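Coordinate analysis (summary)
What follows is the residue order along each chain.
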Amino acid sequence: MILLNSCSSEFKPATFDTITVEEPFEAEISAVYSKATGNTDLSNSINTNVENAIIATLNTSENKTNLKTVLKAFNEEYLSFKTEYSEIDEPAWELHIETELVYQSEAIITIAISTYEFKGGAHGNDKIKLLNLDAKSGKTLEINDFITDLTGFTALAETQFIQSLEENEDQLTIENFFFGEPFHLPENIGFSEEGLVLIYNVYEVASYDLGYTEFMIPFSEVQPYLKMN
């Protein structure tokens, strides 16, 4: 159980540095990500799970577990493509990675991971991943680790989603989403200072033109569904 209101004078929260990968690639590659400092079990667990989460958002051609290796493999794939299809005049491939520490308490750390891949074509592939970590162990948390009543929470989320549409000037309704299916929770739910943030990635609930779909449930509304002591 996640104790969201736990408090301990002995608890030492993780601290983070911002790592920037700066290497001369032929493809347009950039990576700026959060890394827990030190060499403790906590920092090592956080860093492993952050790297794994970043890699999981990418369309890597091989099963790789090291971020720098993934970047080099992307560049090598681009070079091979240029050699094999030298007659094709395409823009340079792109791979951009950025993370942001958006929430940290004595119980939970939420890191937002943004990735963008372009390998030619009409447009690239961009994703957002909200990674929730146990602040004391660094382990990845799933929704059942911090939500008690998933059915009740889903009903609350649907109400909040409709309300967010009503407050939006685009005049969209829930019928514009979910491709005719019933409301469902997004894959990405994370913590912020104001409440729980819910993000649907491109194509998850609507056409590409609508881009990301994001709304927030304030803590005042979601509190009854959070696991607390």
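The rules behind these values
Residues numbered from 1 in each chain as written. Predicted model: local features only at pLDDT ≥ 70, side-chain atom pairs only at ≥ 80, totals over all residues. Heavy atoms only, no water. Domains from an automatic or database assignment. Contact = heavy atoms within 4.5 Å. Buried area = accessible area lost by both parts, 1.4 Å probe. Polar contact = N/O pair within 3.5 Å; in protein donor to acceptor, adjacent residues only side chain to side chain. Helix = DSSP H or I, 4+ residues; strand = E, 2+ residues; numbered from the N terminus. Pairing = 2+ DSSP bridges. Axes fitted to C-alpha atoms, helices over the stretch in contact; angles between N-to-C directions.

As a further point, take the domain arrangement of the protein. Taken domain by domain, the protein consists of domain 1 (16-134) and domain 2 (143-225). Relative to domain 2, the C-alpha centre of domain 1 lies at a distance of 26 Å. At the junction of the two partners, domain 1 supplies 11 residues and domain 2 supplies 14 residues. Buried area between domain 1 and domain 2, both sides added, is near 1,200 Å², and the carbon and sulfur share of it is 57%. Area buried by domain 1 at its contact with domain 2 is led by Tyr103, Ile128 and Leu130, which between them contribute 45% of it. Counting every contact that joins domain 1 to domain 2 gives 8 residue pairs in polar contact (both at pLDDT 80 or more). Those elements that place two or more of their residues in the side of domain 1 that touches domain 2 are β3 (94-104), β4 (108-118) and β5 (125-134).

With that settled, consider the sheet that holds strand β7 (residues 195-200). Taken in spatial order, the 3 strands line up as β6-β7-β8 in an open sheet, and their pairing is antiparallel. One side of each edge strand has no neighbouring strand; the edge strands of this open sheet are β6 (188-191) and β8 (213-218). Shown here is a sheet whose adjacent strand axes are inclined to one another by a mean of 20°, direction ignored. Running at roughly 115° to β8, helix α3 (residues 150-166) makes contact with β6, β7 and β8 of the sheet.

Bringing the sheet that holds β5 into the picture now. Here we have 5 strands laid out as an open sheet, ordered β1-β2-β3-β4-β5, and mixed in their pairing. Since the sheet does not close on itself, it has two edges, and those belong to β1 (16-21) and β5, each with one partner. Strand-to-strand twist of the sheet, defined as the mean angle between neighbouring strand axes without regard to direction, takes the value 20°. Direction of pairing for strand β2 (residues 28-36) relative to β3: parallel, over a ladder of 5 bridges. Pairing of glutamate 28 across the sheet is with glutamate 94, part of β3. The strands that helix α1 (residues 41-56) touches are β1, β2, β3, β4 and β5; relative to β5, the one it contacts most, it runs at about 155°.

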